[in-house]
Amino acid sequence: MARVLCVWEQGANLGHLTNLRLPIEVALQAGHQVFVAARQLHEFHGILGDLPITCLPAPFKQNALGGGQEAFLSYTHLLRRQCFSTAGELQTYLRAWHALFALVQPDLVLFEHSPTALIAAHGHPFKKVLVGVGFSSPPGLAGEASAFLPFPTTALTAPVLDRLRSDDVQLLQLINQALRAVQAPPLADLQAIYRQADASLLTTWEQFDHFGPRSPACYIGVQPPPRQAPPVWPSGTGPKVFGYLGAMPSLEALLQGLQAAGVCALLLVRDLPDALRQRYSSAQMQFIDRAVDLDAVARQAAWVVNNSNHGSVVHFAQHGVPQLLIPLHQEQLFLALRMVQRGAAAMAYQDQPVYTAALDAMQNHMPLRQQAQLLAAELTPYAALDSENRIRQTLARLLA
């Protein structure tokens, strides 16, 4: 029996915990002892609480700066702002992760969007596996002259590349200063953070990989959402539209647009202000607070609107449903752009003053539906792939 540790450090979406569930189930079936160090514990029970595992809190930067992510040109900028700011701060996190590794004494660690934990793992003998979507399990460098993991939206002009390489040098110096302070071996380069992984389990398909298809790669796909109660649509007429959204600056403008479009809208909006709920609830528009059966939604809705969160995008793409995507973060933007490139979705922005053009595109969505159905047909063969067996083979190989 081996000791398997699963860690989740970055990201606020509980989909990160969901990505770990199948690997955990496979490890338990194989008789291994499983520990999970999670960034958020308040909803841990609802996702993993039924499994015989040991739960621990994960060390992470709790004073990360807010604000827009448009200034993030590469993974270097993400690490410097979201994971640690100074060598002294990084030292603290490294010591915390080292203490956690010493406590658990794992034979294998699964890293779900955990860059600082990966830095702390450098030099440790346990096996290392990246788990997650393409953004959190990034690919290798494109070439020796490349900067460290530029984002898909970054225009790689000569001045930008010069700036990124300079930022990379500074970050590598900061990390190695912290590693020396905790008596750990230095990194040869920033890519070594991810190059040390023995395997990668990508919880997506190549069509939804934020950095584009990669080869070789072990795509294990997206697990279907749990069964929920069927949707109860408003009594009004018009095309059925389902929305799964978070609070955003122009939420009221979107609600106004949906109201003017005459659709029959069923919306799950996280942190919805009571004033907006009261102002827009009607026979045409209803708000719900609990998840509904997304398979039923996909069969009944003319189109859907969401924040380009990975699970929702993939689920509705598999059913050929046109989508209006309103990304809130850079990761969501990268996925939305890939869907727009495929012609299977339209995209809008979270701070638009009006959504008339985007909603008109969805209401006259025949080209979008045709492309969405073509994408769904392309994804059909993946349904027969045995993701569980792929995970089992990977763990068995590494723990042999």
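All of the points below concern the structure found in this document. (Residues numbered from 1 in each chain as written. Predicted model: local features only at pLDDT ≥ 70, side-chain atom pairs only at ≥ 80, totals over all residues. Heavy atoms only, no water.)

**Points about the overall build of the chain**
Our working rule: The helix and strand labels rest on DSSP assignments: H or I over at least four residues marks a helix, E over at least two residues marks a strand, and numbering proceeds from the N terminus. Restricting the calculation to C-alpha atoms gives the radius of gyration, and the globule rule supplies 2.2 Å times the number of residues raised to the power 0.38. For every residue, the accessible area obtained with a 1.4 Å probe (protein chains only) is divided by the maximum for its type, and the residue is called buried under 20%, exposed over 50%, and partly exposed between those limits. Two residues qualify as a contact provided that any one of their heavy atoms is within 4.5 Å of a heavy atom in the partner residue.
The helix and strand inventory of the chain stands at 15 helices and 12 strands. Since a compact globule built from 400 residues should have a radius of gyration of about 21 Å, the 22 Å found for the chain is in line with a globular shape. For the chain, the spread of C-alpha atoms along the three principal axes comes to 65 × 50 × 40 Å. In the chain, which comprises 400 residues, the proportion classed as buried is 53%. Contacts spanning at least 24 positions in sequence make up 65% of the contacts within the chain whose residues lie at least 6 apart.

**A few points about unusual backbone geometry**
Here Gln-105, not a glycine, exhibits a phi torsion of approximately 50 degrees, which is positive. Take Gln-105: it is sitting in the loop between helix 4 (87-104) and strand 4 (108-112). Residue classification places Gln-105 among the exposed residues on the basis of a relative accessible area of 55%. The phi torsion at His-113 lies on the positive side, around 45 degrees, for a residue other than glycine. Structurally, His-113 can be placed in the loop between strand 4 and helix 5 (115-121). Of the residues examined, His-113 reaches a relative accessible area of 6% and is grouped as buried.

**Considering the nonpolar core**
Within soluble globular proteins, side chains that are nonpolar tend to cluster in buried spots. For the record, the criterion: Only buried residues count toward a nonpolar core, which is a set of Ala, Val, Leu, Ile, Met, Phe, Trp, Tyr and Cys residues joined through side-chain atoms within 4.5 Å.
Ranked by size, the top nonpolar core spans 48 residues in total, and within it Leu-5, Phe-84, Phe-111, Ile-175 and Ile-193 carry the most contacts. Every element with two or more residues in this core is listed here: strand 1 (3-8), strand 2 (33-38), helix 3 (75-83), helix 4, strand 4, helix 5, helix 6 (158-181) and helix 7 (192-195). At 8 residues, helix 4 tops the list of elements feeding residues into this core. Listed in part, the 30 residues of the second largest apolar core include Met-248, Val-263, Ala-265 and Ala-302.

**A closer look at the sheet that holds strand 3 (residues 54-57)**
Condition: By the convention used here, strands pair only if DSSP detects at least 2 bridges between them. For helices, the axis comes from a line fit to the C-alpha atoms of the stretch in contact; other axes are also lines fit to C-alpha atoms, and the angle between any two N-to-C directions lies between 0 and 180 degrees.
Sheet architecture is open: 6 strands sit in the order 3-2-1-4-5-6, paired in parallel fashion. Either end of the sheet is taken by a strand with one partner, and the two such strands are strand 3 and strand 6 (199-202). Neighbour-to-neighbour, the strand axes of the sheet open up by a mean angle of 20 degrees, direction not taken into account. For strand 4 and strand 5 (residues 127-132), the ladder comprises 5 bridges, and the chain directions are parallel. Considered in strand 5, the bridge of Phe-111 is made with Leu-130. Strand contacts of helix 4: strand 1, strand 2 and strand 3, with the helix running at about 155 degrees to strand 1, the strand carrying the most contacts.

**A look at the pairing of strand 7 (residues 240-245)**
Here is the key point about a regular strand: its side chains alternate between the two faces of the sheet. Note the cut-off: With the strands pointing away from the viewer, any crossover whose connection runs clockwise from the first strand over the helix to the second is right-handed.
Alignment of strand 7 against strand 8 (residues 264-269), held across 6 bridges, turns out to be parallel. Residue pairing in the sheet places Val-241 in a bridge with Ala-265 of strand 8. For the crossover from strand 7 across helix 8 (residues 251-261) to strand 8, the handedness is right-handed. Bridge count between strand 7 and strand 10 (residues 303-306): 4 bridges; the pairing is parallel. Looking at the pairing, Val-241 lines up with Trp-303 of strand 10.

**Concerning the environment of Val-314**
Along the chain, Val-314 falls in helix 11 (residues 310-318). Overall, Val-314 belongs to the buried group, its relative accessible area being 0%. Taking the C-alpha atoms as reference, Val-314 lies 19 Å from Val-269; in sequence the two are 45 residues apart. Look past the residues within four positions of Val-314 in its chain and what remains in contact with it is Phe-208 and Val-222.

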